[in-house]
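As a plain string of letters, each chain reads:
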Amino acid sequence: MLGFRKIAKNEIEAKLDAECELLKKSLSKDTNSSTAAKAIYIDYGLGALDRFREDLQLDFSTESIKRVEERLGVMHDQMTEAQPSTDAIDGFVKLFGGYIGCVMMQTGWEWGVDGNNPLDLSKVVVERNGKRFYILSKIYKRLMNGSEDNIWDAYYIIEQMK
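Residues numbered from 1 in each chain as written. Predicted model: local features only at pLDDT ≥ 70, side-chain atom pairs only at ≥ 80, totals over all residues. Heavy atoms only, no water.

S.K.: What should I look at first to understand the side chain of Ser-33 in this one?
M.R.: Looking at the secondary structure, you find Ser-33 in helix α2 (residues 33–56). Within the structure, the side chain of Ser-33 is placed 3.2 Å from the backbone oxygen of Gly-115, a separation counted as a polar contact. Residues in contact with Ser-33, not counting those within four places in the same chain, are Val-113, Gly-115, Asn-116, Asn-117 and Pro-118. (Helix = DSSP H or I, 4+ residues; strand = E, 2+ residues; numbered from the N terminus. Polar contact = N/O pair within 3.5 Å; in protein donor to acceptor, adjacent residues only side chain to side chain. Contact = heavy atoms within 4.5 Å.)

S.K.: Just checking my understanding: could you explain unusual backbone geometry for this structure?
M.R.: Of note, Phe-60 is a non-glycine position whose phi angle comes to about 65 degrees, a positive value. Mapped onto the fold, Phe-60 is located in the loop between α2 and α3 (62–82). Look at Phe-60 and you get buried, because its relative accessible area is 3%. Here the phi dihedral of Gln-83 falls at roughly 45 degrees; this positive angle occurs in a residue that is not glycine. A residue is classified by how much of its surface remains accessible, and Gln-83, at 64% relative accessible area, is exposed. (Buried < 20%, exposed > 50% of the residue type's maximum accessible area, 1.4 Å probe, protein only.)

S.K.: Mind showing me how you'd approach the pairing of strand β2 (residues 124–128) here?
M.R.: Along any regular strand the residues' side chains alternate between the sheet's two faces. The buried count for β2 comes to four of five residues, which makes it a mostly enclosed element. Where β2 hands over to strand β3 (residues 131–133), the hairpin turn is made up of two residues, of which Asn-129 adopts a positive phi near 50 degrees. (Pairing = 2+ DSSP bridges.)

S.K.: Any chance you could explain the environment of Ile-89 here in plain terms?
M.R.: The residue Ile-89 is located in helix α4 (residues 86–105) in this model. Residue classification places Ile-89 among the buried positions, given a relative accessible area of 11%. In this structure the C-alpha to C-alpha distance between Ile-89 and Met-79, which are ten residues apart in sequence, comes to 9.5 Å. In contact with Ile-89, other than residues within four places in its own chain, are Met-79, Pro-84, Tyr-140, Leu-143 and Met-144.

S.K.: Explanation requested: the packing of aromatic side chains in the structure shown.
M.R.: The description of two aromatic rings rests on the distance between their centres and on the angle between their planes. Scanning all chains against the criterion turns up eight aromatic pairs. Ring pairs connect the aromatic residues Tyr-41, Tyr-44 and Trp-111, which therefore count as one cluster. (Phe/Tyr/Trp six-rings, centres within 6.5 Å; stacked < 30°, edge-to-face > 60°.)

Printed below as a string of structure tokens:
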């Protein structure tokens, strides 16, 4: 994904866009996996904003996570009939995970990786004060399992753990 941004529309977007551009410029084969994850998933978060801004009224607010949750519910309900490919599912996991991770960055969460591979969706985390939230895994489970893996509920609980 890295690099298909439109012009930033607000202060949070502008900040994330600038940070992503700086991170991308600094990437090399020696870049640590957390820095690479941050660049990759901020870019996906900005991509989700571009793609779903009007449809889901995305604006990097906490409340917008509820709208993402609603969309994930609709997508889950359509999975059996639509039978999306693994690549399509992973694409939505990255977009929505990137977006929610960017929202969480506003309250001090940082991107990280449990291991060395920022492309392994099951290992990408957002972390704060020693606590880790496997955001991409959670979104994948939401799509596969339904409302028992509600993303808003998970966000609300983890956000209360300061």
